[in-house]
Amino acid sequence: MKLSIIHKVALTSILLMLISVSVVGVLFFNKTTELLVEHILDDVADAVQDAGSRLQSIINTQKEDVLFLASTPPIQGMIRVRSTNIDVLDQSTLSQWKQRLKTIFRSQLQRKKSYLSIRYINENGRELVTVIRENAIIKSVEDSQLQNKSKRNYVKSAMQLSSGLVYISEINLNREFGKVSLPHQEVLRTATPVFDKRNGKRAGLVVITAEIGGKLREIQQRAQYKSQNVILITNDHGGYLLHPDESKTYGFDLGKQYRIQEDLPYVAKLYLPDNKTSQLILLPEHTDNTEVVNFTKITFDDARADRFIAVAVIQDLAKIASEESKVLTEVASWAILLTFGVVIVTIFLS
């Protein structure tokens, strides 16, 4: 069939239009998908940071509480009566001051449901007053059951602090009488030293032990996106605090060496002491597979920037892209139908 010049021009115009639409459509689809993926990764990082801010707020409150408890009158009262049976200021006995301190500790545990115990420990590491939460019941520990905590790292470290400073421990499993408590309790401790106001000598410390596992799982929930990713939370040494395989969690406390540096070698440099990176997205070209790793450090100790927990969110790039491209595919389908409609109308008019 011989085509007229009009038909040739029309067909050429249609062909050029289809080529242009196809090229522009492919570029638009790819670029928009890329932007949507970046947006999702940024949202995950923001959610982790937001949860981290909540964690920091809780720790700050715990610091304020331990400083308040260390300044209560029964502490100095007990210090004054150590060398005498009767307090020269108000004639109170050691037993009376202990009972008053137990009442204050008990009240604090009733107010803060995450607190597991509050202790007043003397300068030799021996517990003088301890109130605990056990099976939802708050009770004072009998004198015969009080422990010597002098060998615990948090006691040694807190004893070295100046007045008004607070030590924040690493997150680990709670221990009583030298053994990991069962069932496991994930805890963080805050401790501050107390001094004899009469001579400025160190006289012990107050310690709050708080359950922290719930906050770690809140971070995990906020980092989830349509249940497609793997969440790993570690301490600043790379030891797992949260892992899909629970046997790997708290290995550093249970005599096992499970670290993220061995499982994900490409993040090892982020744990070096001089590494200042707080947030990083590693794309497949960095991980040597199809995974994207969203890595975020959450600092929790204002006095030491090297103290942090790390959250690694591992996602499959193809799955993220496929989820986000569904809407674009629908839009592209309508665009193709519209293009063919324009072609048919153009042919008819020509």
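Analysis parameters
- Residues numbered from 1 in each chain as written.
- Predicted model: local features only at pLDDT ≥ 70, side-chain atom pairs only at ≥ 80, totals over all residues.
- Heavy atoms only, no water.
- Salt bridge = Lys/Arg side-chain N within 4 Å of Asp/Glu carboxyl O.
- Helix = DSSP H or I, 4+ residues; strand = E, 2+ residues; numbered from the N terminus.
- Buried < 20%, exposed > 50% of the residue type's maximum accessible area, 1.4 Å probe, protein only.
- Pairing = 2+ DSSP bridges.
- Axes fitted to C-alpha atoms, helices over the stretch in contact; angles between N-to-C directions.
- Polar contact = N/O pair within 3.5 Å; in protein donor to acceptor, adjacent residues only side chain to side chain.
- Contact = heavy atoms within 4.5 Å.
- Phe/Tyr/Trp six-rings, centres within 6.5 Å; stacked < 30°, edge-to-face > 60°.
- Lys NZ or Arg CZ within 6 Å of the ring centre and 35° of its normal.
- Expected span 1.5 Å × (residues − 1).
- Arc of directions from axis to C-beta.

A. Local environment of the pattern of salt bridges. Scanning all chains against the criterion turns up 17 salt bridges. The salt bridge involving Glu123 is made with Arg82; its shortest N-O contact spans 2.8 Å. In this pair, Glu123 is assigned in the loop between β1 (115-121) and β2 (127-134) and Arg82 in the loop between α2 (73-80) and α3 (94-111), connecting sequence segments 41 residues apart. For Glu123, a relative accessible area of 33% gives the class partly exposed. Measuring nitrogen to oxygen at the nearest pair gives 2.8 Å for the salt bridge that ties Glu176 to Arg119. Of this pair, Glu176 sits in strand β6 (residues 175-176) while Arg119 sits in strand β1; the two residues are 57 residues apart in sequence, bridging distant segments of the chain. Residue classification places Arg119 among the buried residues on the basis of a relative accessible area of 2%. In the salt-bridge network here, residues are joined through shared partners; they are Arg119, Glu127, Lys149 and Glu176.

B. Up close: the sheet that holds strand β12 (residues 279-282). Read from one edge to the other, the open sheet built from five strands follows the order β11-β10-β14-β13-β12, with strand pairing classed as antiparallel. Both edges of this open sheet fall to β11 (240-242) and β12, since each of them pairs with a single strand only. For this sheet, the mean inter-axis angle between neighbouring strands, taken without regard to orientation, is 25°.

C. Just the side chain of Lys248, in detail. Counting through the fold element by element, Lys248 comes out in the loop between β11 and α6 (260-263). A polar atom in the side chain of Lys248 sits 3.4 Å from the side chain of Asp263.

D. A look at the environment of Lys197. Looking at the secondary structure, you find Lys197 in the loop between β8 (186-195) and β9 (202-211). For the pair Lys197 and Gln76, spaced 121 residues apart in sequence, the C-alpha to C-alpha distance is 7.5 Å.

E. Quick peek at the environment of Asp196. By the secondary structure assignment, Asp196 is in the loop between β8 and β9. Since its relative accessible area comes to 5%, Asp196 is described here as buried. In contact with Asp196, not counting residues within four places along its chain, are Gln76, Ile79, Lys201 and Ala203.

F. Spatial organisation of the packing of aromatic side chains. Under the definition given, this model contains three aromatic pairs. The interplanar angle of 40° and the centroid separation of 6.1 Å between the aromatic rings of Tyr271 and Phe308 together place this pair among those described as tilted. Of this pair, Tyr271 sits in the loop between α6 and β12 while Phe308 sits in strand β14 (residues 308-316), and the two are 37 residues apart along the sequence. We classify Phe308 as buried; its relative accessible area is 7%. Taken together, the aromatic side chains of Tyr271, Phe295 and Phe308 make up a single cluster linked through ring pairs. Lying over the aromatic face of Trp97, Arg100 brings its terminal NZ or CZ to 4.5 Å of the ring centre. Across the ring face of Phe308, the terminal group of Lys297 is positioned such that the distance to the ring centre comes to 4.8 Å.

G. α3, seen in detail. Over its 18 residues, α3 extends 26 Å from the first C-alpha to the last, a length consistent with the 26 Å expected when each residue adds 1.5 Å. Every buried residue of α3 is accounted for by Trp97, Lys98, Leu101, Lys102, Phe105, Gln108 and Leu109. Down the axis, α3 shows its buried residues gathered within 140° of arc, on one side only.

H. Seen up close, the pairing of β8. In terms of burial, β8 is largely enclosed, as ten of its ten residues are buried. Neither face of β8 is open: one carries Glu186, Leu188, Thr190, Thr192 and Val194, the other Val187, Arg189, Ala191, Pro193 and Phe195, and all of them are buried. Summarising the sheet, strand β5 (residues 172-173) and β8 pair through two bridges and their orientation is antiparallel. Bridge pairing in β8 places Leu173 opposite Glu186. Both β8 and β9 contribute to a ladder of nine bridges, which runs antiparallel. Bridge pairing links Arg189 to Thr209 in β9. Between the end of β8 and the start of β9, which pair antiparallel, lie six residues, with Gly200 showing a positive phi angle near 75°.

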